[in-house]
Amino acid sequence: MRRLNRKKTLNLVKELDAFPKVPESYIETSASGGTVSLIAFTTMALLTIMEFTVYRDTWMKYEYEVDKDFTSKLRINIDITVAMKCQYIGADVLDLAETMVASADGLVYEPVIFELSPLQKEWQRMLHIIQSRLQEEHSLQDIIFKSAFKSASTALPPREDNSAQPPDACRIHGHLYVNKVAGNFHITVGKAIPHPRGHAHLAALVSHESYNFSHRIDHLSFGELIPGIINPLDGTEKIASDHNQMFQYFITVVPTKLHTYKISAETHQFSVTERERVINHAAGSHGVSGIFMKYDISSLMVTVTEEHMPFSQFLVRLCGIIGGIFSTTGLLHGIGRFIVEIVCCRFKLGSYKPPSMTLQDGHLNNHVPLMTDDARH
């Protein structure tokens with residue numbers, strides 16, 4: 001009884017088979033079918049390789065939200081070389097809350113030679129090429145984000161030549177922690193001293209003839225220092241045309257959370273607008289000679305996340321490719337075979353001629369013989 005029920009169940013399952021098997025003796029192969037199959041398998045292999053390449057690739061997703069963190073400190077990473085001796089200049093930050101951050105809190109003054117060595121000039125040239133490409137092709141920024149922490153260092157390489165030339169410039173490098181409000185980082189003549197209404201610089205003892213605010217920004221960034229990230233002002237070099245010249249950089253800082261498969265960091269991106277002018281009080285151009293970087297903090301925060309195609313989606317797309325090619329090539333092969341059969345059939349009908357009969361006198365009789373009464377009977 002159990003065997004009977006098992007056989008009935010097995011027969012029922014066989015009737016539900018949506019993929020019936022055709023005996024091999026009923027299968028007819030052809031050269032055209034083999035050619036189409038070869039093309040189909042080749043196309044499937046190529047598309048599968050391309051789909052696997054897409055599956056391995058990642059992309060950056062950008063999300064925007066309001067930045068609610070106003071209590072934390074903002075880190076400013078600085079590496080600027082000014083074409084003046086270190087004892088003549090001073091750097092500090094003054095924010096909107098009238099809070100002064102002196103350079104002694106984290107900056108180092110190092111006497112250096114302003115002229116770059118051949119290796120350093122090559123580094124600067126490559127950095128300028130990258131900066132120009134970044135301005136033209138914004139998608140390259142995604143590649144830089146993905147290559148952070150694993151790419152080559154973007155810092156200025158040390159001098160490879162042992163020059164005997166005395167230092168004629170001052171490299172100011174290090175970092176400062178400031179309030180997360182708009183502020184002004186500046187480098188001008190004289191060391192900064194506190195003042196009840198702000199601060200002042202002791203510039204009276206420095207001759208105007210020694211003013212030279214030609215400078216090179218090797219690095220300027222906000223937030224956590226991430227190797228491999230190239231910032232908008234990295235590699236910028238300005239040559240002063242006058243002793244009394246002001247260089248201004250208006251910077252908008254955007255808080256950024258970066259989440260990739262390599263790193264997870266909280267940093268800041270920024271955009272900048274540059275301006276420079278000669279100080280001439282007689283002509284109405286007032287101000288103080290120096291380098292001024294006025295920054296403002298954006299209220300929006302950007303979250304940059306590296307995303308990857310799910311494996312399930314890859315399998316679905318792969319099945320779609322294989323099934324679609326099988327169906328399409330089978331349909332095209334059937335249509336092509338049908339058209340060929342119609343054309344060949346018409347050609348055979350057009351070339352058909354009835355058989356001719358030879359008479360006893362040697363003549364050909366192309367007429368069909370009439371049926372006699374004896375033949376009918």
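In this text the structure is predicted, and so the values were computed from the model without any measurement.

K.L.:
Tell me about the overall build of the protein, and name the residues and values.
P.N.:
When its secondary structure is counted, the protein shows 6 helices and 17 strands. Relative to its 377 residues, the protein shows a buried fraction of 34%. Summarising the internal contacts of the protein: among those between residues at least 6 apart in sequence, 80% fall at separations of at least 24. Total accessible area on the protein is roughly 24700 Å²; 61% of this is exposed by carbon and sulfur atoms.

K.L.:
If you had to explain the nonpolar core to someone new, which residues and values would you point to?
P.N.:
Ranked by size, the top nonpolar core spans 36 residues in total, and within it Phe185, Ile187, Ile251, Met293 and Tyr295 carry the most contacts. Those elements that provide at least two residues to this core are β2 (73-82), β3 (89-95), β6 (169-179), β7 (183-189), β10 (215-223), β12 (245-259) and β14 (290-297). In terms of residue count, the dominant contributor to this core is β2 (5 residues). Ile226, Ile229, Leu258 and Val302 belong to the second largest nonpolar core, which has 8 residues in total.

K.L.:
A description of the packing of aromatic side chains should follow, citing residues and the corresponding values.
P.N.:
Taken as a whole and judged by the stated rule, the model has 9 aromatic pairs. Taking 6.1 Å as the distance between ring centres and 40 degrees as the angle between the ring planes, the aromatic pair formed by phenylalanine 311 and phenylalanine 314 counts as tilted. With phenylalanine 311 and phenylalanine 314 both in helix α5 (residues 311-350), this residue pair falls 3 residues apart, about one helical turn. Residue phenylalanine 311 is classed as partly exposed on the basis of its relative accessible area of 48%. Here a set of aromatic residues connected by ring pairs shows up, and it is made of Phe52, Tyr55, Phe311 and Phe314. One Lys or Arg, arginine 216, reaches over the ring of phenylalanine 114 and ends 5.2 Å from the middle of that ring.

K.L.:
Before we move on, could you go through helix α3 (residues 118-136) and cite the residues and values that matter?
P.N.:
Turn by turn, an α-helix covers 3.6 residues, leaving residues three or four places apart pointing in a common direction. With 19 residues, α3 extends 28 Å from end C-alpha to end C-alpha; this agrees with the ideal 27 Å at 1.5 Å per step. Residues Gln120, Trp123, Gln124, Leu127, Gln131 and Leu134 constitute the buried set of α3. Taken around the axis of α3, the buried residues stretch over an arc of 95 degrees, which confines them to a single face. Looking at α3, the residues exposed on the side facing more than 90 degrees away from the buried face are Pro118 and Glu136.

K.L.:
Lay out the state of the cysteines with the relevant residues and their values.
P.N.:
Following the criterion strictly, the structure yields 1 disulfide and no others. Two residues share a disulfide in this structure: cysteine 86 and cysteine 170, whose sulfurs sit 2.2 Å from each other. When the S-S torsion is 105 degrees, as for the bridge of cysteine 86 with cysteine 170, the disulfide is right-handed. With cysteine 86 in the loop between β2 and β3 and cysteine 170 in strand β6, the pair connects residues that are 84 residues apart, well separated along the chain. The same class applies to cysteine 86 as to cysteine 170, namely buried.

The rules behind each value
- Residues numbered from 1 in each chain as written.
- Predicted model: local features only at pLDDT ≥ 70, side-chain atom pairs only at ≥ 80, totals over all residues.
- Heavy atoms only, no water.
- Helix = DSSP H or I, 4+ residues; strand = E, 2+ residues; numbered from the N terminus.
- Buried < 20%, exposed > 50% of the residue type's maximum accessible area, 1.4 Å probe, protein only.
- Contact = heavy atoms within 4.5 Å.
- Areas by Shrake-Rupley, 256 points an atom, 1.4 Å probe, with all protein chains shown as cover.
- Core = buried A, V, L, I, M, F, W, Y, C linked by side-chain atoms within 4.5 Å.
- Phe/Tyr/Trp six-rings, centres within 6.5 Å; stacked < 30°, edge-to-face > 60°.
- Lys NZ or Arg CZ within 6 Å of the ring centre and 35° of its normal.
- Expected span 1.5 Å × (residues − 1).
- Arc of directions from axis to C-beta.
- Disulfide = S-S within 2.5 Å.

That's the geometry; what it means functionally is another story.
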